[in-house]
Amino acid sequence: MTILVTGGAGYIGSHTVVELLNEGHEVVILDNLSNASVTALSRVEQITQKSLTFYQGDVLNKAFLQKVFTDHPIHSVIHFAGLKAVGESVEQPLRYYENNVTGTLTLCEIMNEFNVKNLVFSSSATVYGDPASLPITEDFPTSATNPYGQSKLMVENILSDLYQADNTWNIARLRYFNPVGAHPSGLIGEDPNDIPNNLMPFISQVAVGKRDKLSVFGNDYNTHDGTGVRDYIHVVDLARGHLQALKKLNTNPGLVTYNLGTGQGYSVLEMIHAFELACQKPIPYQIASRRSGDIAACYAAPQKALTELNWQASHTLEDMVMSSWHWQSNNPNGYSD
């Protein structure tokens, strides 16, 4: 099958493309490279020894999308393309709504035009807002504490309405928790432009000497050590979850929603200490004030994905930090090396 992957040169996208190529799929990638590198794609080809097709462009561009769909017999779409930094979304809400919401509307419009109605959507656990209890199941009420989460929730609601209007669509909404780690080859990993928005690249950049110290945002949360607790999931496990979702769509399930997480929460300090063991050096950090939109704790109940997708996370915390360190130590400046 030919799979279109929007945002396929990015962190999660590139790892998913590896799994797709290894499964024998034809892959077409669309990415505007705003937070990605074309070098990642050449390394994906190096890892898999297979070729892919790449278009540099934006999902907001209808004519561009029409050309991609005209030139390829696309069967399904995995939609990663979007902005993803919580703090930045608070400062630039209009940019987030345009990219994440309008971009998805444009993509769905063109998919409908070409009668391509299988879609895996990259959603987020942020749609649960500040959950009343833990662990989080898929039937929890949804809300959002920041524009990034709101944009994901808006798209989820749009996809629900789309399916209600036309039940020939098959849509999987994947709510994932906190992706970390890197491919075991050390050739691809997380390489954020400018200042990282996620914890793990910040830790690894401190470990490799690119940054002096890490800022821990808040140590007064209602958690066992006062720092935020999250469900960290290895990016390779996450990528494989998308392949299982694609297989699910082939059974015509309609609209389905799954958490992709481990079900285990780790605090910021626990992640720092685990990384110190991996890199065999201390990670200097300072306590800073809480970030707007952050919550105390968030971790998944992953049983539904196991039951319906035959998927569960298999990588340990040690796997996550070791693979992150392997990637960062081999690529201290990311893909610009």
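Above this text sits the structure in question.
Scope of this entry: the structure provided in the associated data block. Computed from a predicted model, the values in this text were never measured in an experiment.

**Things to note about the overall build of the protein**
- Scanning the protein from terminus to terminus reveals 11 helices and 14 strands.
- Its C-alpha radius of gyration of 19 Å places the protein within 12% of the 20 Å reference for a compact globule of 337 residues.
- Taking the principal axes of its C-alpha atoms as reference, the protein extends roughly 55 × 45 × 40 Å.
- Looking at the 337 residues of the protein, the share that counts as buried comes to 54%.
- At a minimum sequence separation of 6, the contacts of the protein that also span at least 24 residues come to 80%.

**As for unusual backbone geometry**
- For the peptide bond that leads from Leu134 to Pro135, omega is 0°, which places it in the cis range.
- Its identity as a non-glycine residue notwithstanding, Asn252 has a phi of 55°, on the positive side.
- Summarising the element assignment, Asn252 is placed in the loop between helix 8 (235-249) and strand 11 (255-260).

**Quick look at the sheet that holds strand 14 (residues 297-298)**
- Read across the open sheet, the three strands follow the order 12-9-14; overall the sheet is mixed. Here the strands that pair on one side only, and so sit at the sheet edges, are strand 12 (266-267) and strand 14.
- Relative to strand 14, strand 9 (residues 229-230) runs parallel, the two being bridged by two bridges. Paired with Val229 across the bridge in strand 14 is Ala297.

**Side note on the packing of aromatic side chains**
- Within the structure shown, the criterion is met by five aromatic pairs.
- Residues Tyr55 and Phe64 carry aromatic rings whose centres are separated by 6.2 Å and whose planes lie at 75° to one another, so their mutual orientation is edge-to-face.
- Residue Tyr55 is classed as buried on the basis of its relative accessible area, which comes to 16%.
- Residue classification places Phe64 among the buried residues on the basis of a relative accessible area of 15%.

**Some points on the pairing of strand 1 (residues 2-6)**
- Within strand 1, five of the five residues are buried, which leaves it mostly tucked inside the rest of the structure.
- Of the two faces of strand 1, the one holding Thr2, Leu4 and Thr6 and the one holding Ile3 and Val5 are both buried throughout.
- Sheet analysis places strand 1 next to strand 2 (residues 26-31), joined by five bridges and oriented parallel. Among the inter-strand pairings, Thr6 is bridged to a residue of strand 2, identified as Leu30.
- Crossover handedness for the path strand 1 to helix 1 (residues 11-22) to strand 2: right-handed.
- With five bridges joining them, strand 1 and strand 4 (residues 74-79) adopt parallel strand pairing. Bridge pairing in strand 4 links Thr6 to His79.

**Description of the pattern of salt bridges**
- Counted by the stated rule, this structure contains 10 salt bridges.
- A salt bridge links Asp166 to Lys117, with the nearest nitrogen and oxygen atoms 2.7 Å apart. Taken as a pair, Asp166 in the loop between helix 6 (147-165) and strand 6 (170-176) and Lys117 in the loop between helix 5 (93-113) and strand 5 (118-124) lie far apart in primary sequence, 49 residues in all.
- Owing to a relative accessible area of 15%, Lys117 belongs among the buried residues under this scheme.
- Arg175 serves as the salt-bridge partner of Glu156, at 2.6 Å between the closest nitrogen and oxygen.

**Describing empty space enclosed by the protein**
- Within the structure shown, the criterion is met by two cavities of 30 Å³ or more.
- Lining the largest cavity are Tyr11, Val180, Gly181, Glu190, Met200, Pro201, Ser204, Ser324, Trp327 and Gln328.
- Those elements giving two or more residues to the lining of the largest cavity turn out to be helix 7 (199-207) and helix 11 (317-330).
- Here the residues of the lining of the largest cavity sort into five nonpolar, four polar and one charged.
- Of the pockets and cavities examined, the second largest cavity occupies roughly 40 Å³.
- Around the second largest cavity, the lining residues are His79, Ala81, Gly82, Asn100, Thr104, Phe121, Lys152 and Val155.
- Within the residue set of the lining of the second largest cavity, elements represented by two or more residues are helix 5 and helix 6.

**Structural notes on the pairing of strand 11**
- Among the six residues that make up strand 11, five are buried, leaving the element largely enclosed by the rest of the structure.
- One ladder, built from six bridges, connects strand 6 with strand 11; its direction is parallel. In the sheet register, Leu174 faces strand 11, and the bridge partner there is Tyr258.

**So, the side chain of Glu19**
- Looking at the element boundaries, Glu19 is found in helix 1.
- Its relative accessible area of 11% is what places Glu19 among the buried residues.
- When neighbours within four sequence positions are excluded, Glu19 is seen to be in contact with Val236, Ala239, Arg240 and Leu243.

What counts and what doesn't
Residues numbered from 1 in each chain as written. Predicted model: local features only at pLDDT ≥ 70, side-chain atom pairs only at ≥ 80, totals over all residues. Heavy atoms only, no water. Helix = DSSP H or I, 4+ residues; strand = E, 2+ residues; numbered from the N terminus. Rg over C-alpha atoms; globule rule 2.2 N^0.38 Å. Buried < 20%, exposed > 50% of the residue type's maximum accessible area, 1.4 Å probe, protein only. Contact = heavy atoms within 4.5 Å. Pairing = 2+ DSSP bridges. Phe/Tyr/Trp six-rings, centres within 6.5 Å; stacked < 30°, edge-to-face > 60°. Right-handed = clockwise from strand over helix to strand, strands pointing away. Salt bridge = Lys/Arg side-chain N within 4 Å of Asp/Glu carboxyl O. 1 Å grid on protein atoms, 1.4 Å probe; cavity = no way out; pocket = protein on both sides within 12 Å on 5 of 7 lines; lining within 4 Å. Points joined across faces, edges and corners; volume = space filled by probe spheres on them. Nonpolar A, V, L, I, M, F, W, Y, C, P; charged D, E, K, R; others polar.

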